[in-house]
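In case you want the letters, here they are:
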Amino acid sequence: MNILFYGTKKYDEEFFDAILPEYPELSIHYLEANLSPETAALAAGYEAICAFVNANIGAETVEQLHRQGVKLILMRCAGYNNVDLKKTAEYGIKVARVPGYSPEAVAEHAMALALTANRHTHKAYIKCRENDFSLNGLMGVDLYKKTAGIIGTGKIGMAMARICRGFGMRVLGYDMYPNLNNDIEYVTLDELLAQSDLISLHCPLTEQTHHLINRESIAKMKDGVILVNTSRGGLVNTEELIEGIRKGKFFAVGLDVYEEENDKVYEDLSGTILQSSTMARLLSFPNVMVTSHQGFFTREALEAISRITLENAAAFEKGETLVNEVTK
């Protein structure tokens, strides 16, 4: 089976090529161009394509892929909110994902964001490089004996809960489908917002969770709360987050994902002027730490992503059950 990989970087090729010889029934062609309605025509002659979280796999793209004869969409990531599943079902195109590659990778990055934004490590690094060893503007707060609120207690959320416990924090959890087989203290969303000193988002982006963090929910938070999002940008209403930051509601904010990331994420734009005032405003705040959707970016996670993606492709090729198929 021939697979066309969209939006690939050197690290994708490195990790997929390392294990590809174990799958002689599969052949891969890499494209730097990302998947969109305009590039979908390049899939002519390919039975399967592989895309990442920043690809445009809406209705128009799916229609184009169907015209090219594509039967399988491989998502080399856990998220699939960028895929029009109604259209894929209409055309009989299978969609498979990587549901769990390294929960610890994302959770550790979430805590790294919290610590960096809290203790202003990014600012301290720049100050020291300029021979400024003063402590002005670098004061943080202890996490020890504080309360962490985990919104979304799947594998990544539970990994974050373990890390927070290691810091000596009380851990609260909120999930629409709570896992009662663990020792996390489940509360209502309002209780979590009101009691948490650190709030970390680890839930999928759905109609119910879109803009979960908004003006109303921010008002219910403690003053001086630390907010971290390593899940999906659409969980946060960015304009209303900025409003809260300006009002001094947050002690620190750490963002690995944001609503405008699709045309920016994984691209070097250092020589361009950002046309969006939203991102420019976020980057201007001294208590906000922004990274470029890199929570997954560890060797262990990339190895797992490569392995599971090719296992999904091999299962489809052999007519076996797609255990990681996305149907809704």
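Above: the structure in question.
Residues numbered from 1 in each chain as written. Predicted model: local features only at pLDDT ≥ 70, side-chain atom pairs only at ≥ 80, totals over all residues. Heavy atoms only, no water.

Peer 1: Would you explain a nonpolar patch on the surface in this entry?
Peer 2: Residues Leu269, Leu274 and Leu283 make up a contiguous nonpolar surface patch of roughly 230 Å² in combined accessible area. Mapped onto the elements of the fold, Leu283 is located in helix 10 (residues 277-284). (Patch = residues over 30% accessible without salt bridge, like charges linked within 9 Å, V, L, I, M, F, W, Y side chains within 5 Å. Areas by Shrake-Rupley, 256 points an atom, 1.4 Å probe, with all protein chains shown as cover. Salt bridge = Lys/Arg side-chain N within 4 Å of Asp/Glu carboxyl O. Helix = DSSP H or I, 4+ residues; strand = E, 2+ residues; numbered from the N terminus.)

Peer 1: Would you take a moment to explain empty space enclosed by the protein for this structure?
Peer 2: Where empty space is left becomes clear once a probe the size of a water molecule has been rolled over the atoms. This model, assessed by the stated rule, comprises three cavities of 30 Å³ or more. Counted as a void, the largest cavity has a volume near 60 Å³. Lining of the largest cavity is provided by Gly7, Lys9, Tyr11, Asp12, Phe52, Asn54, Arg76, Tyr266 and Phe296. Taken together, the residues of the lining of the largest cavity break down into four nonpolar, two polar and three charged. (1 Å grid on protein atoms, 1.4 Å probe; cavity = no way out; pocket = protein on both sides within 12 Å on 5 of 7 lines; lining within 4 Å. Points joined across faces, edges and corners; volume = space filled by probe spheres on them. Nonpolar A, V, L, I, M, F, W, Y, C, P; charged D, E, K, R; others polar.)

Peer 1: Sorry, what's going on with the packing of helix 4 (residues 103-119) against helix 6 (residues 155-166) here?
Peer 2: At a closest axis distance of 8 Å, the pairing of helix 4 and helix 6 adopts a crossing angle of 50°. Taken as axis vectors, helix 4 and helix 6 run oblique relative to one another. Between helix 4 and helix 6 lies a crossing whose hand is right-handed. Where helix 4 abuts helix 6, its residues Pro103, Glu104, Val106, Ala107, Glu108, Ala110 and Met111 lie against Lys155, Ile156, Ala159, Met160, Arg162, Ile163 and Cys164. Residue composition of the contact of helix 4 with helix 6, by class: ten nonpolar, no polar and four charged. (Axes fitted to C-alpha atoms, helices over the stretch in contact; angles between N-to-C directions. Parallel < 35°, antiparallel > 145°, perpendicular 65-115°, else oblique. Left-handed = near helix turned anticlockwise from the far one by under 90°. Contact = heavy atoms within 4.5 Å.)

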